[in-house]
Amino acid sequence: MALVIRVLVLLLLPIILKGIWEVIFRPNKDVDKSVFRTVFSAVFSMSSSAFFIIQATILTFQSSFISIIFASLCFILALLCLIPTISFINCRIFYNDNEFIVRSFFAIKRRYTYDQITAIVTKDASYLSRDFLIYIGKRKVKITRFSNGANRFISHAKKQYSAMNNGLCIRQISKTKYDIFNGNVRNPSTHIFVCVLCFIVAIAFTITVFFIAPPVYTADNTIEQQVTFIKYNTWINELKLISDKGDTYLFHITSLPRGSNEIKALCNGTDVVTVYSTKNSIFRHAHDYAVRALSYNGEYLYSFEDNYRFEHRLWSYLVILSVTLSVLQIVNFIGSIIVGRHPEKYSKTVKRLFFKKWALNKNIAHKK
């Protein structure tokens, strides 16, 4: 299963590379006579997808079943994040004075003339932007507000239609786009985008936390050394033991079940202790070791179980924090919908929990 996920992830890389190529070179050609998605949507899409691709790849090298589940989830999220990138690459409209060519999400091209247009529907998405729907018989061409050159093309299409039909105007229909907030929020699309973005960040944080679950250390996957300590020093909750060779061995004092006095007493330059350790973080000195267990005269003063218990407790706190953030984002989104649809039913304090003062329309009555 891990190999399948890696292969699927590799299949996404050409899409990202193609998107990067289009972002770099597209603005230099055919800008005035084409309609396409914004560069920002493509860059944000590829960045998000790259994050989940990296997560999925790393997780496939973990042997646990839960890692494979999260790797699959990361792949699905990476694929979903690439939808705006695919739209940026494929969805385009090329036009001149006689005709226009529409290229769909799947890169299928269709050629139309302006006199084939039967209606243009304008859907107001917010007070700053709008979507367009062009009817050509039974076919529809949708131009979203996330498109460059949309207004310029619509104006050109109206002008050319009129020229081809002896001054007649295209039938135009104005609609208010469905608003989940019943028109009470000034820019609903932005609010929804921010909520979704925050939720994605929270989910990404949760996946990362599950990925860094503490491993189980034993004598088989640690470095066993016979060490003589000559001194020690402490900094906040960190205990550093210095060996006669100048190496540093690190503990967290709060992880020591019997306190640090017994271990400090061994720093006399004569006693030899058995230390099981791992190389510390790449951000520390090369001769720093993280102690996973320590024994003296056959007795563990700090066992593998003590180390795992301490690290698992810290990891549990991160799990609780990440899951709580995800749940809060869901509650915030659902709460904003409930309050935003009928803000007159709620007090100013409740509304401020979900919306900034300027986000709601001014004509809304406040409950006292």
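You'll find the structure just up there.
Here the structure is a predicted model, which means the values were calculated and not measured. Each residue is numbered by its place in its chain's sequence as written, counting from 1. This being a predicted model, a pLDDT of at least 70 is required before a residue's local features are given, and a value of 80 or more before pairs of side-chain atoms are given or counted; all residues contribute to the totals for chains, interfaces and linings. Side-chain calculation: all heavy atoms of the structure are included, whereas hydrogens and water are not.

A. Representation of the overall build of the protein chain within the structure. Put simply, DSSP marks the helices as runs of H or I at least four residues long and the strands as runs of E at least two long, and each gets a number from the N terminus on. Helix and strand counts for the protein chain come out as 9 helices and 15 strands. Across the 368 residues of the protein chain, 40% fall into the buried class. The long-range share in the protein chain, meaning contacts at least 24 apart out of those at least 6 apart in sequence, stands at 59%. To be clear on the numbers: accessible area is Shrake-Rupley with a 1.4 Å probe, and residue cover counts the displayed protein chains and nothing else. With an accessible surface of roughly 21300 Å², the protein chain has 62% of that area assigned to carbon and sulfur atoms. Relative accessibility under 20% of the residue-type maximum defines a buried residue, over 50% an exposed one, and the middle range a partly exposed one, all with a 1.4 Å probe and only protein chains included. When checking whether two residues touch, look at their non-hydrogen atoms; a contact exists if any pair is within 4.5 Å.

B. Structural detail: the side chain of Ser-41. Tracing the backbone through its elements, the reader meets Ser-41 in helix α2 (residues 39-59). Under the rule applied, a polar contact is a pair of N or O atoms within 3.5 Å (in protein, one hydrogen donor and one hydrogen acceptor; residues adjacent in sequence only if both atoms are side-chain atoms). Reaching out from Ser-41, the side chain makes a polar contact with the backbone oxygen of Thr-38 at a distance of 2.7 Å.

C. The arrangement of a nonpolar patch on the surface in detail. Patches draw on residues past 30% relative accessible area with no salt bridge. Two like charges within 9 Å are joined, as are two nonpolar side chains (Val, Leu, Ile, Met, Phe, Trp, Tyr) within 5 Å. Whenever Lys or Arg places a side-chain nitrogen within 4 Å of a carboxyl oxygen from Asp or Glu, that contact is recorded as a salt bridge. On the surface, Phe-205, Ile-212, Leu-318, Leu-321, Leu-325 and Leu-328 cluster together to form a nonpolar patch covering roughly 470 Å² of accessible area. Tracing the backbone shows Leu-321 in helix α8 (residues 304-341).

D. Layout of the state of the cysteines. Cysteine sulfur atoms that pair up within 2.5 Å are treated as a disulfide. This model, assessed by the stated rule, comprises 0 disulfides. Note on Cys-195: no disulfide assigned, nearest cysteine sulfur contributed by Cys-198 at a separation of 6.8 Å. Classification of Cys-195 as buried rests on a relative accessible area of 6%.

E. Main features of the packing of aromatic side chains. Stacked, tilted and edge-to-face pairs are distinguished by plane angle, under 30 degrees for stacked and over 60 for edge-to-face with tilted covering the rest, among Phe, Tyr and Trp rings (Trp via its six-membered ring) whose centres lie within 6.5 Å. In this structure the tally under the stated criterion is 15 aromatic pairs. For the ring pair Phe-229 and Tyr-249, a centre distance of 5.5 Å and an interplane angle of 80 degrees mean the geometry is edge-to-face. Taken together, the positions of Phe-229 in strand β10 (residues 223-235) and Tyr-249 in strand β12 (residues 248-252) put the pair 20 residues apart, joining distant regions of the chain. Judged on exposure class, the residue Phe-229 and its partner Tyr-249 are both buried.

F. Spotlight on the pairing of strand β2 (residues 92-95). Where strand β1 (residues 34-37) meets β2, 3 bridges bridge the pair, whose relative direction is antiparallel. Bridging from a neighbouring strand, Phe-36 pairs with Arg-92 of β2. Here β2 runs beside strand β3 (residues 99-103); their pairing, made up of 4 bridges, is antiparallel. Residue pairing across strands places Arg-92 opposite Arg-103, the latter belonging to β3. Two strands make a pair as long as DSSP finds a minimum of two bridges between them.

G. The packing of α2 against helix α4 (residues 83-90), seen in detail. The convention used is that axes are lines fitted to C-alpha atoms, helices contributing only their stretch in contact, and that angles between N-to-C directions extend from 0 to 180 degrees. With their axes 7 Å apart at the nearest point, α2 and α4 run at an angle of 140 degrees to one another. Here α4 runs oblique to α2, going by the angle between their axes. Taken as a pair, α2 and α4 cross one another with a handedness that is left-handed. Here α2 contributes Val-39, Ser-41, Ala-42, Ser-45 and Met-46 to the contact with α4, which in turn contributes Pro-84, Thr-85 and Phe-88. By definition in this entry, angles of less than 35 degrees are roughly parallel, angles greater than 145 are roughly antiparallel, angles of 65 to 115 are roughly perpendicular, and the rest are oblique. Helix crossings are classified by the rotation of the near helix relative to the far one: an anticlockwise turn of less than a right angle makes the crossing left-handed, while a clockwise turn makes it right-handed.

H. Looking closely at the environment of Ile-223. Looking at the element boundaries, Ile-223 is found in strand β10. Expressed as a C-alpha distance, the spacing of Ile-223 and Lys-279, which sit 56 residues apart in the sequence, is 8.4 Å. Not counting the four nearest positions on each side in its chain, Ile-223 is found in contact with Val-275, Tyr-276, Ser-277, Lys-279 and Tyr-289.

I. View of the sheet that holds β2. Taken in spatial order, the 5 strands line up as β4-β3-β2-β1-β8 in an open sheet, and their pairing is antiparallel. Edge positions in the open sheet fall to β4 (109-113) and β8 (147-148), since each of these has one partner strand only. Across the sheet, helix α5 (residues 150-164) is in contact with β1, β2, β3 and β8; its angle to β2 comes to roughly 40 degrees.

J. Quick peek at the pairing of β4. Relative to β4, β3 runs antiparallel, the two sharing 5 bridges. Residue pairing across strands places Val-102 opposite Arg-110, the latter belonging to β4. What sits between the antiparallel neighbours β3 and β4 is a turn of 5 residues, in which Ala-107 has the positive phi angle 65 degrees.

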